[in-house]
Amino acid sequence: METRTPRSTRLQRVITALGVKPLHVVKEAARIARELGLRGISRQHFGRVKSGRAKATEEKIFIIVAALRELTGISFRAHNLFELEPEAVAVPFHSNASVPVSSGLHSSRSWRLFVPDEPGPSATEAAFEALYTQYGVLLRSIAMRRFRVPPDDAEALVHDTFVAYLERHTVIHDVKGWLIGAVSNACKHYWRDRQHEAPLLPEHDETADPAAPTTVERWMQRSAVVAVLAQLGVKCRETLRRYYLNEEPKEVIAEGLSTSPGYVLKLLIACRRRAHELFRRLAGPKE
Amino acid sequence: MTHYDDATLGAYVLDPLLVEDAAELETHLRACAQCSAVVDELRTLDATMREPEVWSEVDATRVRSEQLVEALALRASIVDEDRAAAGMLAHYLRSPLRFRGADISAQSRFWSAGVVRVLCSAAHTMHEKQPRFSHDVATEAWRIAQHLPKEHPSRALCAGMALRERAIALRYLGRFAEALDALAAAETLVQGTPAADAFDRALIWANRATVYMESERPREAIPLAQEAARVFRDYHDTDREIATVMVEACCHVLSGAPSRAVEGFERVIAAGRARGDNVTLVRGLHNAAVAHADLRDLDRATTYYAEAMALYDELDLPTEKTRARWGLASALVVAGELQAGIAGLAAARKELAALGLTNDAALATFEWAEARLAAGLPEGVVEACRAIVVTFGSERMERNARMALAYLNEALRKGTLTPKIVRHVREYLRDLPSEPERAFAPPA
């Protein structure tokens with residue numbers, strides 16, 4: 001795989017925008033390379049790659065991407081940092097479930113896993129895991145909030161719903177919609193079996209609840225945020241957590257990260273932007 | 001209007017002081033719905049990220065639960081099984097002859113749920129063009145499902161799927177009674193999966209409703225179609241919901257209630273337009289045109305027929321376009337616009353004959369002859385009626401059809417042909433495929 005040699009490379013622009021020191025990238029890349037049994041990248045070579053004066057091999061691209069992910073907490077993909085050959089990056093990520101998939105760097109042995117040529121089993125497994133993770137939250141919410149099923153039982157009903165989907169995957173058109181309908185039916189059945197324990201509420205009636213779509217929309221939105229935050233790299237996630245949940249000022253976060261408040265601000269903007277992109281993809285209209 | 005980029009809007013929501021001219025941006029936001037929507041979305045995201053519950057769920061989600069591991073293992077086994085089955089079956093599914101000769105259900109290496117799923121999927125794609133082959137494939141799928149171990153968790157589901165596909169193939173073959181038997185057997189197998197039982201049953205009801213519709217038992221079909229559509233709506237399966245609404249509406253036409261049918265067809269049309277699905281749209285338009293024609297609402301019928309014909313052209317479906325032209329001409333005749341109707345029928349009968357649709361061409365010719373006689377224009381009718389040829393699949397139907405044509409020819413010979421006789425013979429031949437046992441009797 002080769003990179004082009006523009007005046008300002010994507011890698012250079014990202015590194016400058018985030019205020020990351022090239023030396024830190026090289027050191028982190030060396031650490032990752034050691035763990036994976038690969039060769040690291042020298043500071044000089046990295047400088048040439050960054051400025052576009054040298055080409056990077058697949059292996060070097062892999063460790064640079066991994067290093068930048070680790071340092072910034074942003075789930076970069078190879079094409080975010082390098083201008084790759086069109087055919088390598090233009091291939092859409094296949095997903096039977098129409099769910100955007102995080103690339104799972106930690107289990108990757110080759111950077112090509114970021115942009116698979118065809119829907120291999122690992123890619124589809126990742127798609128299913130993303131579906132289970134994202135929709136699991138929503139389906140549990142439906143079971144627990146709309147149908148008041150106790151948490152442990154709700155967990156089991158959601159699991160059974162996914163199993164039912166897997167067994168019928170050849171006849172299901174809209175996976176997400178089907179899962180919502182299926183968990184609702186499972187919950188109704190759950191309470192029908194336990195009528196002596198708790199009466200069915202009016203909203204559990206067979207007829208569709210007219211208010212339900214709005215509620216479901218809200219849960220969908222919330223579960224999308226949960227899925228987005230779970231997908232983000234650890235550094236991004238923790239920075240957002242400290243800023244939004246713990247309400248820590250930028251200065252305090254900077255101190256914890258041994259960096260400047262200005263860098264934290266850039267990190268927050270970049271992480272929030274990444275979260276927003278993922279959120280749009282997850283919560284946006286169905287394809 | 002120039003819009004602000006996401007980065008600037010993001011910085012503004014994070015802290016207005018980060019933006020060079022926040023006041024100008026705020027003025028823009030008041031006038032720009034697009035940028036306001038982005039800001040609202042970012043504020044929703046920020047507000048949600050402040051909720052402690054959300055972060056608890058994030059932490060829980062990060063830990064791979066035992067259930068997820070179990071689901072992934074099940075998924076992997078299903079994928080492996082399906083892939084292996086597809087590999088084993090590809091060779092046989094390429095040729096009906098080879099498939100029949102292989103007798104795969106007798107070989108234990110094919111006894112897997114994956115083989116049943118792959119065969120059912122294959123059968124599903126063949127029903128329209130190769131119903132005999134799809135019937136064989138679905139039957140083999142069902143036989144293999146019987147060979148799965150009794151304790152296999154998907155045994156009943158696999159057998160039910162196979163029976164459903166077999167029923168669809170039988171419906172395409174016109175073997176309605178057997179199709180209903182297969183669906184009844186499939187329904188007994190639906191149990192024990194609360195999340196999916198309603199959906200599985202709805203698939204069966206929708207098929208049964210279609211069988212009833214095609215065998216002209218609309219009153220039995222309507223409640224089944226309604227219930228199936230309700231379940232599909234619950235499962236957000238819009239394709240199937242719309243298809244079932246169409247079945248229900250067609251049944252209303254068949255049972256003589258076109259005004260009730262129109263409502264259903266309008267829903268189908270709206271769904272087709274909304275989704276840009278021209279195939280659904282054109283079917284809805286064509287059926288709505290038929291219903292409006294039944295209601296003697298010629299204006300609407302003509303409008304719908306015209307749009308349907310334009311769409312059939314676009315979709316390159318000449319046969320359907322000709323049928324629509326034929327329908328429009330019939331509607332014109334019924335509405336008393338004989339000249340225009342006769343011209344349309346003349347064009348339609350020629351096009352049907354050119355397409356090789358012998359029986360339809362014969363029926364259109366009868367209609368044309370009837371209209372000409374009614375209009376006092378008998379020229380050409382005798383010659384056209386003498387040239388009529390019909391073909392039917394069974395010897396009994398052929399015999400009955402010959403009797404009807406002989407009666408017509410006798411009237412032609414005696415010079416006693418009337419519009420009533422032409423209509424009587426036409427309606428008899430039109431209904432013959434659904435009533436093959438009924439012998440021809442002259443009009444009272």
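Keep in mind that this is a model prediction, so the values were computed, not measured. (Residues numbered from 1 in each chain as written. Chains lettered and ligands numbered in written order. Predicted model: local features only at pLDDT ≥ 70, side-chain atom pairs only at ≥ 80, totals over all residues. Heavy atoms only, no water.)

J.: Help me out: how do you make sense of the overall build of chain A in this one?
T.: If you tally the helices and strands in chain A, you get 13 helices and zero strands. Evaluated residue by residue, chain A yields a buried proportion of 51% over its 287 residues. Across chain A, contacts joining residues at least 24 apart in sequence account for 69% of those joining residues at least 6 apart. Roughly 13,300 Å² of accessible area belongs to chain A as shown, and the carbon and sulfur atoms make up 51% of that amount. (Helix = DSSP H or I, 4+ residues; strand = E, 2+ residues; numbered from the N terminus. Buried < 20%, exposed > 50% of the residue type's maximum accessible area, 1.4 Å probe, protein only. Contact = heavy atoms within 4.5 Å. Areas by Shrake-Rupley, 256 points an atom, 1.4 Å probe, with all protein chains shown as cover.)

J.: What is the right way to read the overall build of chain B from this model?
T.: From N to C terminus, chain B includes 22 helices and zero strands. Burial status across chain B gives 49% buried among its 444 residues. Of the contacts made within chain B by residues no fewer than 6 positions apart, 57% connect residues no fewer than 24 positions apart. Accessible area of chain B: about 21,100 Å², with a carbon and sulfur share of 53%.

J.: What is the right way to look at the state of the cysteines in this model?
T.: Two cysteines joined by a covalent bond between their sulfur atoms form a disulfide. Counting across every chain of the model gives one disulfide over all chains. Disulfide pairing is shown between Cys 236 of chain A and Cys 271 of chain A; the S-S distance is 2.0 Å. Taking the sign of the S-S torsion, -90° for the link of Cys 236 of chain A and Cys 271 of chain A, the bridge is left-handed. On the criterion of sequence distance, the pair formed by Cys 236 of chain A in helix α11 (residues 234–245) and Cys 271 of chain A in helix α13 (residues 261–283) is long-range, its members being 35 residues apart. Across this residue pair, the class does not change: Cys 236 of chain A and Cys 271 of chain A are buried. For the unlinked cysteine Cys 35 of chain B, the closest cysteine sulfur is that of Cys 32 of chain B, found at 3.6 Å. Here Cys 35 of chain B falls in the buried class, since its relative accessible area comes to 2%. Looking at the unpaired Cys 250 of chain B, the closest cysteine sulfur is the one in Cys 251 of chain B, lying at 6.9 Å. (Disulfide = S-S within 2.5 Å.)

J.: Explain helix α5 (residues 66–93) of chain B to me, please; I cannot follow it from the model alone.
T.: Residues and elements named next belong to chain B. The first and last C-alpha atoms of α5 sit 39 Å apart over 28 residues, in line with the 40 Å expected at 1.5 Å per residue. Along its length, α5 reaches its greatest deviation from straightness, about 30°, at Gly 87. Along α5, the residues classified as buried are Leu 68, Ala 71, Leu 72, Arg 75, Ile 78, Asp 82, Ala 85, Leu 89, Tyr 92 and Leu 93. (Expected span 1.5 Å × (residues − 1). Bend = angle between axes of the 7 residues up to and from the residue.)

J.: I keep staring at the side chain of Ser 105 of chain B and nothing clicks. Help me out?
T.: Here Ser 105 of chain B shows up in the loop between α6 (96–102) and α7 (113–126). Apart from residues lying up to four places away in sequence, Ser 105 of chain B is in contact with Trp 111, Glu 140, Arg 143, Ile 144 and His 147 of chain B.

J.: Could you clarify how one ought to interpret the pattern of salt bridges in this entry?
T.: Close approach of charged atoms allows side chains with opposite charge to pair. Under the criterion given, the structure shown has 46 salt bridges over all chains. Between Arg 140 of chain A and Glu 155 of chain A there is a salt bridge, with its nearest N and O atoms 3.4 Å apart. Placement of Arg 140 of chain A in helix α7 (residues 121–146) and of Glu 155 of chain A in helix α8 (residues 151–167) is noted, with a sequence separation of 15 residues between them. Connected through shared salt-bridge partners, Arg 145 and Arg 222 of chain A together with Glu 51, Glu 53 and Glu 57 of chain B make up one network. (Salt bridge = Lys/Arg side-chain N within 4 Å of Asp/Glu carboxyl O.)

J.: I would appreciate a short explanation of the packing of aromatic side chains in the present structure.
T.: Each aromatic ring pair is described using two quantities: the centre-to-centre distance and the angle formed by the ring planes. Applying the stated rule across the entire model yields 13 aromatic pairs over all chains. Between Phe 128 of chain A and Phe 162 of chain A, the ring centres sit 6.1 Å apart and the planes meet at 90°, which makes this aromatic pair edge-to-face. Of this pair, Phe 128 of chain A sits in helix α7 while Phe 162 of chain A sits in helix α8, and the two are 34 residues apart along the sequence. Exposure class is identical for Phe 128 of chain A and Phe 162 of chain A. Each is buried. The interplanar angle of 50° and the centroid separation of 5.5 Å between the aromatic rings of Tyr 407 of chain B and Phe 440 of chain B together place this pair among those described as tilted. Of the two residues, Tyr 407 of chain B is situated in helix α21 (residues 395–414) and Phe 440 of chain B in the segment after α22 (419–431); the sequence distance between them amounts to 33 residues. Above the ring of Tyr 190 of chain A, the side-chain terminus of Arg 194 of chain A is found at 3.7 Å from the ring centroid. Lying across the ring of Trp 368 of chain B, Arg 349 of chain B places its NZ or CZ 4.2 Å from the centre. (Phe/Tyr/Trp six-rings, centres within 6.5 Å; stacked < 30°, edge-to-face > 60°. Lys NZ or Arg CZ within 6 Å of the ring centre and 35° of its normal.)

J.: Help me understand the interface of chain A and chain B in this model?
T.: By a widely used convention, the size of an interface equals the accessible area lost when the partners come together. The partner chain B presents 58 residues to the 57 residues of chain A that form the contact. Taken together, the two surfaces of chain A and chain B that pack against each other cover about 5,600 Å², and 62% of this comes from carbon and sulfur. On the chain A side of the contact with chain B, Glu 167, Tyr 244 and Arg 272 of chain A bury the most area, a combined 13% of that side's loss. At the surface where chain A touches chain B, the tally comes to nine salt bridges. In this structure, Asp 46 of chain B and Arg 272 of chain A form a salt bridge, with 2.7 Å as the shortest nitrogen-oxygen distance. (Buried area = accessible area lost by both parts, 1.4 Å probe.)

J.: What's the story with the packing of helix α15 (residues 278–294) of chain B against helix α16 (residues 298–315) of chain B in this structure? I'm lost.
T.: Two quantities define a packed helix pair, namely the angle between the axes and the distance from one axis to the other. All names here are of chain B. The N-to-C vectors of α15 and α16 enclose an angle of 150°; their axes lie 8 Å apart at closest approach. With respect to α16, the axis of α15 lies roughly antiparallel. α16 is crossed by α15, and the crossing has left-handed handedness. When α15 is examined against α16, the residues Asn 278, Val 279, Leu 281, Val 282, Arg 283, Leu 285, His 286, Ala 288, Ala 289, Val 290, His 292 and Ala 293 are found in contact with a partner set consisting of Arg 300, Ala 301, Tyr 304, Tyr 305, Glu 307, Ala 308, Leu 311, Tyr 312, Glu 314 and Leu 315. Looking at the contact of α15 with α16 residue by residue, the classes come out as 15 nonpolar, three polar and four charged. (Axes fitted to C-alpha atoms, helices over the stretch in contact; angles between N-to-C directions. Parallel < 35°, antiparallel > 145°, perpendicular 65-115°, else oblique. Left-handed = near helix turned anticlockwise from the far one by under 90°. Nonpolar A, V, L, I, M, F, W, Y, C, P; charged D, E, K, R; others polar.)

J.: I would appreciate a short explanation of the packing of helix α12 (residues 218–234) of chain B against helix α13 (residues 238–254) of chain B in the present structure.
T.: Residue and element names in this part refer to chain B. Contact geometry of α12 with α13 gives a least axis separation of 8 Å together with a crossing angle of 160°. With respect to each other, α12 and α13 are oriented roughly antiparallel. Here the hand of the crossing between α12 and α13 comes out left-handed. Contacts between α12 and α13 involve Pro 218, Ala 221, Ile 222, Ala 225, Gln 226, Ala 228, Ala 229, Phe 232 and Arg 233 from the former and Arg 240, Glu 241, Thr 244, Val 245, Val 247, Glu 248, Cys 251, His 252 and Leu 254 from the latter.

J.: Which parts of the structure should I look at to understand the nonpolar core?
T.: In a soluble, globular protein the nonpolar side chains are often hidden away together inside. If you look at the biggest cluster of nonpolar residues, it comprises 98 residues, and the most contacted ones within it are Phe 128, Val 149, Phe 162, Tyr 165, Trp 178 and Leu 179 of chain A together with Phe 265 of chain B. One finds Val 20, Leu 229 and Val 264 of chain A together with Val 54 of chain B within the second-largest nonpolar core, a separate group that totals 57 residues. (Core = buried A, V, L, I, M, F, W, Y, C linked by side-chain atoms within 4.5 Å.)

J.: What am I meant to see in α7 of chain B here?
T.: For α7 of chain B, with 14 residues, the first-to-last C-alpha span of 20 Å sits near the 20 Å given by 1.5 Å per residue. A large share of α7 of chain B lies buried, amounting to eleven of its 14 residues. Within the sequence span of α7 of chain B, burial applies to Ala 113, Gly 114, Val 115, Val 116, Arg 117, Val 118, Leu 119, Cys 120, Ala 122, Ala 123 and Met 126 of chain B. Contacts from the buried residues of α7 of chain B go to α8 of chain A together with α5, α6, α8 (131–147) and α9 (155–172) of chain B.

J.: Would you take a moment to explain the side chain of Arg 168 of chain A for this structure?
T.: When you line up the elements, Arg 168 of chain A lands in the loop between α8 and α9 (175–193). Residue class for Arg 168 of chain A comes out buried when judged on its relative accessible area of 3%. At 2.8 Å, the side chain of Arg 168 of chain A and the side chain of Asp 200 of chain B are in polar contact. With residues up to four places along the chain from it excluded, the contact list for Arg 168 of chain A reads Trp 178 of chain A together with Leu 157, Thr 193, Ala 196 and Asp 200 of chain B. (Polar contact = N/O pair within 3.5 Å; in protein donor to acceptor, adjacent residues only side chain to side chain.)

J.: Looking at this structure, I do not really get unusual backbone geometry. What am I missing?
T.: Comment: phi is negative for the bulk of residues other than glycine, and the bulk of peptide bonds are trans. The backbone phi angle of Ser 258 of chain A is positive, close to 50°, even though this residue is not glycine. Inspection of the secondary structure puts Ser 258 of chain A in the loop between α12 (250–256) and α13. Residue class for Ser 258 of chain A comes out exposed when judged on its relative accessible area of 70%. One non-glycine residue, Glu 216 of chain B, lies in positive phi territory at about 55°. Considering the arrangement of structural elements, one finds Glu 216 of chain B in the loop between α11 (197–214) and α12.

J.: What should I look at first to understand the confidence of the model for chain B in this one?
T.: Interpretation of the predicted coordinates at a detailed level should be avoided for regions scoring low in pLDDT. Confidence along chain B averages 90 in pLDDT terms, with 99% of residues attaining 70 or more. Across the predicted assembly, pTM comes out at 0.66 and ipTM at 0.74. (pLDDT = per-residue confidence, 0-100.)

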